[in-house]
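Now for the letters of each chain:
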Amino acid sequence: MKKRYTIAVFMALATSAFAQITVDTTCIVPQYMEGKSGTNNDRVPFYFWGEISGLTPNATYRYYTSMDTLNSTSGSNGAGNPYFINMSSGTIRRTTNPSVAVAGGYDSLTANSSGAYAGWFGVESTGNGRYASGNLIHPQLQMNNGNGGTTVVTRLKFTSYMVTSLAMGITAAPNFCSAIYDSASTAIAPPKSIVFLYDNMASSGRPLSSGIVESEGLAQNTITQIAAFYRNNVDSFPQRWGSIMPNVNANGVQAVEYRDFATAAILVPGSINDNNGVWCSGANTVNPVNGTTGLYLDENFVLQGTMSFPSPVLTTFNVPFTANSNGSVGTQYTWDFGDGSPVNNTQNPLYAYSTPGTYTVTLTIQAPNCGISLTDTIVVILFTGTTELNAENTFTLSPNPSDGLFTFKTTAGGTKTISVVNLLGETVFASNTAAQQLELDLRGEARGVYFVNVVNEKGERTTAKMVVR
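Worth saying up front: this structure is predicted, and the values here are computed from it rather than measured. (Residues numbered from 1 in each chain as written. Predicted model: local features only at pLDDT ≥ 70, side-chain atom pairs only at ≥ 80, totals over all residues. Heavy atoms only, no water.)

Draft legend 1. Seen up close, the side chain of Thr95. Structurally, Thr95 can be placed in the loop between β6 (92–94) and β7 (107–110). Within the structure, the side chain of Thr95 is placed 3.1 Å from the backbone nitrogen of Asn97, a separation counted as a polar contact. Beyond its immediate stretch of four places on either side in the chain, Thr95 contacts Asn81, Pro82, Phe84, Gly104 and Gly105. (Helix = DSSP H or I, 4+ residues; strand = E, 2+ residues; numbered from the N terminus. Polar contact = N/O pair within 3.5 Å; in protein donor to acceptor, adjacent residues only side chain to side chain. Contact = heavy atoms within 4.5 Å.)

Encoded structure:
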């Protein structure tokens, strides 16, 4: 009887000691991961930050990671393929045969002098029933005794961090998700940075999902169980990351946050944000239904555009205005011609000015969630009844720009009327000549842009810009 009593006391003390190992409330665990029961060839790695207390100070524990249901049996080791992220060596490994007894089936973590540990963990879903679409599961660490043991002694479940398993699909329903990937800026996130996606601008609360910046050292493009978008568009592509997003998410993905591999600190300049889930690139993350087809977020997209039009132009003649940008389909173009007329919402409009003068033209380009404005000036010259711009009336000016002295040359014969006007439409030089070469002397004029107009005997006009510097 005495012997039995002694064993019972020992077991109670051991159980009490193991129960002291706890998961802190400062962990970062996403809300969703990919998963489905049965054949699962859409797997996407799941990463989270864990902080543990109550370990034996300075002890080294063997462990592996899995996912399990909240009310699993006390001896359940969960399911999943662990991703071993060794914070000391900086290496990342994957195994399909987890075990604390077999080399390669486990990794080690070492508690500090206070009996605490903090680091990154990872796991990949399998076809186990725990990963059935819609199931609620929790990260779990299987650990030995911290003293070289080869059996699982502690099953540490992250009970406060429920994760919903979602299957890839094109259905706008709660139990489905869609693939998303992108390229991180080298100025922000080096390889192995951990990515968290949020449904709010402030990156508050638990993230939607997670990923890691390539290349992290794993070769996954030949593993057929890994999702095709991840194998073909993410793995081994420098700076790429891949993850999932829930198909029911009215906010969309509004923030991409990068965290340091060594410390989990947010990398400067912090999150890359979007205020409505429809990004400047045109990527729409609101209630997505792209399923296994990866949506390229292009978070670093910068809207750029150009506008062009002739200047000077003549009154009453249609002027072609042209706009271009790298915006996605649906980008809007709005022109303000500067003369008080209503704005024009056509990308490449024609417009005729009725009054001579110098006008400020403004083009506004609006992409899904960003916009830019471009401005330039147009000079409008009064049309006097001659025909505009004829190829037979060509000429050259040299040098251009110059200090004010220009050489005019033409191969056209006949008498020509040559006039030079400034941006105010004032004539500063005029000549009526049959010469094919003529000096235009503007050295007495202010520096700036001028226009030379040449009208031949047929009334055909040609205009060119000249610059006095």
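What follows picks up the thread again.
Draft legend 2. Main features of the environment of Met201. Along the chain, the position of Met201 falls in the loop between β13 (194–198) and β14 (209–212). Sequence separation between Met201 and Ser271 is 70 residues; the distance between their C-alpha atoms is 8.4 Å. Once you skip the residues sitting within four places of it in the chain, Met201 turns out to touch Gln254, Ala255, Asn273, Asp274 and Asn275.

Draft legend 3. View of the packing of aromatic side chains. Counted under the stated rule, the structure contains 21 aromatic pairs. Measuring from ring centre to ring centre gives 6.2 Å for Tyr117 and Phe121, while their planes differ by 65°; the resulting arrangement is edge-to-face. The residues Tyr117 and Phe121 share a single accessibility class, namely buried. Here Phe229 and Tyr230 contribute two aromatic rings whose centre-to-centre distance is 6.0 Å and whose plane-to-plane angle is 85°, an arrangement assigned as edge-to-face. Comparing Phe229 with Tyr230, the two get one shared label, buried. Among the aromatic side chains, those forming a connected cluster through ring pairs are Phe46, Phe48, Tyr63, Phe84, Tyr117, Phe121, Phe158 and Tyr161. A cation over a ring is seen here: Lys192 above Phe261, with NZ or CZ 5.7 Å from the ring centre. Just above the ring of Phe237 sits the side chain of Arg240; from NZ or CZ to the centre is 5.3 Å. (Phe/Tyr/Trp six-rings, centres within 6.5 Å; stacked < 30°, edge-to-face > 60°. Buried < 20%, exposed > 50% of the residue type's maximum accessible area, 1.4 Å probe, protein only. Lys NZ or Arg CZ within 6 Å of the ring centre and 35° of its normal.)

Draft legend 4. Broad picture of the side chain of Ser203. Along the chain, the position of Ser203 falls in the loop between β13 and β14. On the accessibility criterion, Ser203 (11% relative accessible area) is buried. Aside from chain neighbours lying at most four places away, what touches Ser203 is Tyr198, Ala255, Glu257 and Ser271.

Draft legend 5. Examining the pairing of strand β25 (residues 357–367) more closely. Pairing geometry for strand β23 (residues 332–336) and β25, over five bridges, is antiparallel. What sits directly across from Asp336, in β25, is Thr362. In terms of strand pairing, β25 meets strand β26 (residues 370–381) through eleven bridges, oriented antiparallel. Counted as the bridge partner of Tyr359 is Ile378 from β26. (Pairing = 2+ DSSP bridges.)

Draft legend 6. Just the sheet that holds strand β3 (residues 46–53), in detail. Spatial ordering of the open sheet is given by β1-β3-β8-β5-β6, a layout of five strands whose pairing is antiparallel. The two strands at the open ends of the sheet, each matched to only one other strand, are β1 (22–23) and β6. One ladder, built from two bridges, connects β1 with β3; its direction is antiparallel. Within β3, the position partnered with Thr22 by the bridge is Ser53.

Draft legend 7. Examining the pairing of β3 more closely. Counting buried positions over the eight residues of β3 gives six, a clear majority of the element. Bridge analysis of β3 against strand β8 (residues 117–124) gives seven bridges, and the strand direction is antiparallel. In the strand pairing of β8, Phe48 is matched with Phe121.

Draft legend 8. The arrangement of the sheet that holds β14 in detail. In spatial order, the strands read β14-β13-β16-β17; together these four strands make up an open sheet with antiparallel pairing. Of all strands in the sheet, those with a lone pairing partner are β14 and β17 (272–273), marking the two edges. Note that strand β16 (residues 255–259) and β17 share two bridges and pair antiparallel. Across the sheet, Ala255 pairs through a bridge with Asn273, a residue of β17.

Draft legend 9. Just the state of the cysteines, in detail. One pass over the structure, following the stated rule, counts one disulfide. Here Cys280 engages in a disulfide with Cys370; their sulfurs sit 1.6 Å apart. Its S-S torsion of about 60° marks the bond between Cys280 and Cys370 as right-handed, since a negative value means left-handed. On the criterion of sequence distance, the pair formed by Cys280 in the loop between β17 and β18 (295–296) and Cys370 in strand β26 is long-range, its members being 90 residues apart. By relative accessible area, Cys280 is classed as buried at 13%. (Disulfide = S-S within 2.5 Å.)

Draft legend 10. How the structure looks around the environment of Gly270. Looking at the element boundaries, Gly270 is found in the loop between β16 and β17. Put simply, Gly270 and Glu257 are 13 residues apart on the chain and 6.3 Å apart in space, counted from C-alpha to C-alpha.

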